[in-house]
Amino acid sequence: MNYVSTRGSAPRLGFGEAMLAGLARDGGLYVPEAVPVLAPDEMAALAGLPYEEVALRVMRPFIGAAFTEDDLRTAIAEAYAGFAHPARAPLKQLAPGHFLLELFHGPTLAFKDFAMQLIGRLFQTALARSGRRLTIVGATSGDTGSAAIEAFRGLPNVDVFILFPEGRVSEVQRRQMTTAPEPNVHAIALAGDFDACQARVKDMFNDFAFRDAVGLTAVNSINWARVLAQIVYFFAAAVALGAPHRPVRFTVPTGNFGDIYAGAIARRMGLPIARLVIATNQNDILHRTFETAEHRTEAVRPSISPSMDIQVSSNFERALFDAMDRDGAAVATLMAELKGEGGFRLPQGTLAALRAVYASGRASEAETMATIARLHAAPGELLCPHSAVGVHVAEAHLGAEPMVTLATAHPAKFPDAVEAATGLRPALPPQLAGLMTRPERVEHLPDDLATLEGYMRARIAA
Ligand SMILES: *Cc1c(COP(=O)(O)O)cnc(C)c1O
């Protein structure tokens, strides 16, 4: 299986190299050259299997010769062994025809653990084999950083630098990034918003001298291996509800577009997804794009669902590439416009192609709070604010097929918002005991590329 860049001019790579590279050298994102299809009987055979076995069967065709089946089986088993629920991604019914897919039973309480726990192990295997040393850098709105640190702390041959927007993450999120004692973990509080963090990371990748000197790689959702691991739970949930015989709908609380893009790949693999709904908070660039064809950034407005406080949604580039008939040069032109002028207008055909796969909706802060309160009253479900955005939007898209809303984080990760909506302060699950009292270690740095690179070189040398 080979991977090509969405901007059309980077070398094509196998799975292992695409995973270790993170971002393509032309600034694009890697996507599979061809998406493998699961036949209906192969899909039906997934029913009732353990999550780990579903993961193996769904991911195997994307990996090619990069890892043996035994490597993959072992990595999957270890990745999910620490999850607090035996089903890994349990489905709960909220209302007739509406289900919640709980993706928050991993070690850092957000769906990011599904991919990060797995790629931590795959990186380890690949680096041990090649003797290489890498520097992982990631921008985070909170959950990617904690999941990455949890997955890579203490691993040999890897330094991990995580940039988060100072003061814009919840206390639980911050502590999950600043309390790891391992010396290969470096949490950086950047004086800027999430888009600034993401922009500096992209600048580092464009600084080829720095990139090559430190062996830079990314484990943000721009890394294809992250998207791959997230395809699995779309299959697990849909098959539990009757796929391939019965189609389903999904609603996905969306920021950087990685999670919902995994759903789009599942659909191309043959999973009958009748509707794939993008749910945004008040930072609604994606919803506006679908309404108006104008993809135009505005200032980020901090919300109670901070992991979705994004204007530049990186993985949307992958959806554009698909919608533009995989024309890398055309995608590169739109991305240059986005960078230079803050936005672009979608060509007619592209918008139509996107609308054939995705629908969209938004939830205001008040609607999000009201949804948390209402679902707590009946059926008694405590939602994190991101999941509540999803439920609010999903309710406007219910129909003939069962709807699955992705619950992307545990309510205890965002206790202030949950308490404000319900009067109830959710307790941290037992595996996080001690988090609120451990000593923190964090570097405060300005939004400046040279300073960041200097700091990183010094830490790597130390
Ligand atoms: C990361 C995250 C999202 C957004 O997911 P994307 O893949 O970036 O679209 C939504 N909710 C939570 C809790 C998250 O951590």
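Details of the structure are given in the entry above.
Cut-off values and rules
Residues numbered from 1 in each chain as written. Predicted model: local features only at pLDDT ≥ 70, side-chain atom pairs only at ≥ 80, totals over all residues. Heavy atoms only, no water. Axes fitted to C-alpha atoms, helices over the stretch in contact; angles between N-to-C directions. Helix = DSSP H or I, 4+ residues; strand = E, 2+ residues; numbered from the N terminus. Parallel < 35°, antiparallel > 145°, perpendicular 65-115°, else oblique. Contact = heavy atoms within 4.5 Å. Nonpolar A, V, L, I, M, F, W, Y, C, P; charged D, E, K, R; others polar. Salt bridge = Lys/Arg side-chain N within 4 Å of Asp/Glu carboxyl O. Buried < 20%, exposed > 50% of the residue type's maximum accessible area, 1.4 Å probe, protein only. 1 Å grid on protein atoms, 1.4 Å probe; cavity = no way out; pocket = protein on both sides within 12 Å on 5 of 7 lines; lining within 4 Å. Points joined across faces, edges and corners; volume = space filled by probe spheres on them. Near = heavy atom within 4 Å. Polar contact = N/O pair within 3.5 Å; in protein donor to acceptor, adjacent residues only side chain to side chain. Areas by Shrake-Rupley, 256 points an atom, 1.4 Å probe, with all protein chains shown as cover. Sits in = over half its atoms within 2 Å of the grid points. Pairing = 2+ DSSP bridges. Phe/Tyr/Trp six-rings, centres within 6.5 Å; stacked < 30°, edge-to-face > 60°. Expected span 1.5 Å × (residues − 1). Bend = angle between axes of the 7 residues up to and from the residue.

**Notes on the packing of helix α13 (residues 316–323) against helix α15 (residues 348–355)**
In contact at an axis separation of 9 Å, α13 and α15 are set at 110° when each is read in the N-to-C sense. On the basis of their axis angle, the class for α13 and α15 is roughly perpendicular. Seen from α13, the contacting residues are Phe-316, Ala-319, Leu-320 and Ala-323; seen from α15, they are Thr-350, Ala-353 and Leu-354. Considering only residue class, the contact of α13 with α15 consists of six nonpolar, one polar and no charged.

**Topic: the pattern of salt bridges**
This structure, assessed with the given rule, holds 33 salt bridges. Of the charged contacts in the structure, one is a salt bridge between Glu-69 and Arg-73, with a shortest N-O distance of 3.1 Å. Of this pair, Glu-69 and Arg-73 both sit in helix α4 (residues 69–81), separated by four residues, roughly a single helical turn. Overall, the relative accessible area of 35% leaves Glu-69 in the partly exposed class. Look at Arg-73 and you get partly exposed, because its relative accessible area is 37%. Residues participating in the shared-partner salt-bridge network are Glu-53, Arg-57, Arg-60, Glu-69 and Arg-73.

**A word on the layout of surface pockets**
Unfilled space is identified by rolling a water-sized probe across the atoms. The space that makes up the largest pocket amounts to roughly 520 Å³. Taken together, 22 residues make up the lining of the largest pocket; nearest its centre are Lys-202, Val-312, Met-335, Leu-338 and Lys-339. Contributing elements (two or more residues each) for the lining of the largest pocket: α8 (194–206), α13 and α14 (328–341). Here the lining of the largest pocket takes seven residues from α8, the largest share from any one element.

**Topic: the site of the ligand**
What surrounds the ligand is a group of 15 residues, the closest being Lys-112, Asp-143, Gly-255, Asn-256 and Thr-408. One of the backbone nitrogen or oxygen atoms of Phe-257 is found 2.9 Å away from an oxygen atom of the ligand. In the environment of the ligand, a nitrogen atom lies 2.9 Å from a nitrogen or oxygen atom belonging to the side chain of Thr-408. Considered on its own, the ligand offers 380 Å² of accessible surface; in the complex 97% of this is hidden by protein. Because more than half of its atoms lie within 2 Å of the grid, the ligand is assigned to the largest cavity. Taken together, the residues of the shell around the ligand sort by class into five nonpolar, seven polar and three charged.

**A short note on empty space enclosed by the protein**
In total, this model carries three cavities of 30 Å³ or more according to the counting rule given. Empty space within the largest cavity amounts to approximately 290 Å³. Phe-111, Lys-112, Gly-255, Asn-256 and Ser-307 are the residues nearest the centre of the largest cavity, which is lined by 26 residues in total. Broken down by secondary-structure element, the contributors of at least two residues to the lining of the largest cavity are α6 (143–152), α10 (224–240) and α11 (258–268). Counted by class, the lining of the largest cavity contains eight nonpolar, 14 polar and four charged residues.

**Re the environment of Asn-157**
Looking at the element boundaries, Asn-157 is found in the loop between α6 and β7 (158–165). Spatially, the C-alpha atom of Asn-157 lies 23 Å from that of Ala-229, the residues being 72 residues apart in sequence. When sequence neighbours within four positions are dropped, the list of residues in contact with Asn-157 reads Leu-127, Arg-132, Arg-133 and Leu-134.

**Looking at the sheet that holds strand β1 (residues 2–5)**
The antiparallel open sheet is built from three strands, whose spatial order is β2-β1-β3. In this open sheet, the two edge strands, each paired with only one partner strand, are β2 (13–14) and β3 (30–32). Two strands pair when backbone bridges link them, and β1 and β2 are joined in this way by two bridges, in the antiparallel orientation. The residue of β2 that forms the bridge with Asn-2 is Gly-14.

**Considerations on the packing of aromatic side chains**
Using the criterion set out here, one finds 17 aromatic pairs in the structure. Pairing Phe-15 with Phe-67 gives two aromatic rings, centres 6.2 Å apart and planes at 70°, and the pair type is edge-to-face. Taken together, the residues span a long stretch of sequence, with Phe-15 in helix α1 (residues 15–21) and Phe-67 in the loop between α3 (51–63) and α4 at a distance of 52 residues. For Phe-67, a relative accessible area of 6% gives the class buried.

**Some words on α3**
Here α3 contains 13 residues, and its C-alpha end-to-end distance of 18 Å stays within 8% of the 18 Å for a straight helix at 1.5 Å per residue. At Arg-57, α3 shows its maximal kink, close to 25°; a proline, Pro-61, follows between one and four residues later. Turning to α3, its buried residues number three or more, namely Tyr-51, Glu-52, Val-54, Ala-55, Leu-56, Val-58, Met-59, Phe-62 and Ile-63. Gly-64 lies just past α3 and shows a positive phi near 60°.

**Digging into the sheet that holds strand β6 (residues 134–139)**
Backbone hydrogen bonds are what pair the strands of a sheet, in a parallel or an antiparallel way. Across the sheet, which stays open at both edges, the five strands sit in the order β9-β6-β7-β8-β16 with parallel pairing between neighbours. Each having just a single partner strand, β9 (216–218) and β16 (443–445) make up the two edges of the open sheet. Put simply, the sheet's adjacent strands are angled 30° from each other on average, direction ignored. As defined by bridge partners, β6 adjoins β7 across six bridges and the pair is classed as parallel. In the sheet register, Leu-134 faces β7, and the bridge partner there is Val-158.

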